[in-house]
Amino acid sequence: MKRVSGKNGGTPPPGVTFAPLRPGEPWFDDAVRLYCAIWPDDADDIAAFIARYSRMLDYRGLVAVRDGRLVGFGFGVRSLPGNWWHDQVAEHVGPEHPALRDAWCLVDLAVAPEERGRGIGSALMEALLASQPCSRALLSTEVENATARRLYEHHGWTYLHPGFAFVEGRQVYAIMRRELAA
Ligand SMILES: CC(C)(COP(=O)(O)OP(=O)(O)OC[C@H]1O[C@@H](n2cnc3c(N)ncnc32)[C@H](O)[C@@H]1OP(=O)(O)O)[C@@H](O)C(=O)NCCC(=O)NCCS
């Protein structure tokens, strides 16, 4: 287990429990629904998208549940050359950058709007980081997403790249990194 920091160290807030996010497990369809409510998309495409990640190296995924209702989820995988996201970041920071070595990528983190600001997002993030095996972590977040950036900044993430568009003409994403204690 990695040592984790943060207000709650990955322990769910009172009344919230964590369970695995994986196709076929309870809550998977609810997580897909929440995903599509936050980032409108086709549910089947998103189910396939998460399922694809769930087969990748060092996949970790969690859902947060309160009162029999899914209220959040997060997942990530080891960041490896050959992976589209990793290769795009490598292009911008240099493929030999030490932040890219032995790094785990937090792919998505989301909490239902009415449940935000109660520590669920932080706890999901810390629990995921604690459960994965890499020495450091990476993520991308929209430069315009001040809420998410502030949350990550408060939890020890720093900027590896101030921002670029993964797809030309689309949103600009900051790349953030965090060193994790062994
Ligand atoms: C980003 C996101 C996941 C954060 O989830 P969250 O559950 O609101 O996160 P937290 O409650 O842990 O932290 C949010 C704020 O609430 C505060 N907070 C944390 N625990 C708290 C508690 N027990 N009581 C009251 N407030 C608390 C935190 O201080 C934090 O403020 P800060 O960022 O200024 O430090 C959520 O806003 C979201 O789903 N956004 C849309 C999707 C998104 O943008 N995802 C990230 C893309 S990479």
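Computed from a prediction, not measured in an experiment: that's the story for all the values here.

Overview of the site of the ligand
Phase 1 of the analysis: As a structural note, the neighbourhood of the ligand is formed by 21 residues, with G117, G119, S122, N145 and H154 the closest of them.
Phase 2 of the analysis: One nitrogen or oxygen atom from the main chain of G117 is found 2.5 Å from a nitrogen atom belonging to the ligand.
Phase 3 of the analysis: Here an oxygen atom of the ligand sits 2.7 Å away from a polar atom, N or O, in the main chain of G119.
Phase 4 of the analysis: In isolation the ligand has 920 Å² of accessible area, and contact with the protein removes 75% of it.
Phase 5 of the analysis: Within the residue set of the shell around the ligand, elements represented by two or more residues are strand 4 (103–111), helix 4 (120–131), strand 5 (136–142) and helix 5 (146–154).
Phase 6 of the analysis: It is helix 5 that contributes the most residues to the shell around the ligand, 5 residues altogether.

Observations regarding the pairing of strand 6 (residues 158–165)
Phase 1 of the analysis: Across 5 bridges, strand 6 lies against strand 7 (residues 172–179) in antiparallel orientation. Bridge assignment links T158 to a residue of strand 7, and that residue is R177.
Phase 2 of the analysis: What sits between the antiparallel neighbours strand 6 and strand 7 is a turn of 6 residues, in which G169 has the positive phi angle 85 degrees.

Quick look at the pattern of salt bridges
Phase 1 of the analysis: If you walk through the whole model with that rule in mind, you get 11 salt bridges.
Phase 2 of the analysis: Where D58 meets R78, a salt bridge forms, and the shortest distance between an N and an O atom there is 2.6 Å. You can see D58 sitting in the loop between helix 2 (43–54) and strand 2 (60–66) and its partner R78 sitting in strand 3 (residues 69–78), a full 20 residues away along the chain.
Phase 3 of the analysis: We note a salt bridge from R78 to D102, for which the minimum N-O separation is 3.0 Å. Of this pair, R78 sits in strand 3 while D102 sits in the loop between helix 3 (84–93) and strand 4, and the two are 24 residues apart along the sequence.
Phase 4 of the analysis: By relative accessible area, R78 is classed as buried at 19%.
Phase 5 of the analysis: Beyond isolated ion pairs, a larger network of salt bridges with shared partners links R66, R69, E114, E115 and R118.

Digging into the pairing of strand 2
Phase 1 of the analysis: The element strand 2 is largely enclosed, with a buried count of 6 among its 7 residues.
Phase 2 of the analysis: Pairing between strand 1 (residues 16–20) and strand 2: 5 bridges, direction antiparallel. Across the sheet, T17 pairs through a bridge with V65, a residue of strand 2.
Phase 3 of the analysis: In terms of strand pairing, strand 2 meets strand 3 through 7 bridges, oriented antiparallel. Within strand 3, the residue paired with L62 across the bridge is G74.
Phase 4 of the analysis: Taken together, strand 2 and the strand that follows it, strand 3, pair antiparallel across an intervening segment of 2 residues, in which D67 is found at a positive phi of about 50 degrees.

A few points about the environment of L138
Phase 1 of the analysis: With respect to the element layout, L138 can be found in strand 5.
Phase 2 of the analysis: Sequence spacing of L138 and G76 is 62 residues, and the spatial spacing of their C-alpha atoms is 9.6 Å.
Phase 3 of the analysis: With sequence-adjacent residues up to four places away left out, L138 is seen in contact with S79, W85, A99, L100, A103, W104, C105, L106, W157, L160, M176 and R177.

What counts, and where the lines are drawn
Residues numbered from 1 in each chain as written. Predicted model: local features only at pLDDT ≥ 70, side-chain atom pairs only at ≥ 80, totals over all residues. Heavy atoms only, no water. Near = heavy atom within 4 Å. Polar contact = N/O pair within 3.5 Å; in protein donor to acceptor, adjacent residues only side chain to side chain. Areas by Shrake-Rupley, 256 points an atom, 1.4 Å probe, with all protein chains shown as cover. Helix = DSSP H or I, 4+ residues; strand = E, 2+ residues; numbered from the N terminus. Pairing = 2+ DSSP bridges. Salt bridge = Lys/Arg side-chain N within 4 Å of Asp/Glu carboxyl O. Buried < 20%, exposed > 50% of the residue type's maximum accessible area, 1.4 Å probe, protein only. Contact = heavy atoms within 4.5 Å.

Note that all results are geometric; they support no functional claim without further evidence.
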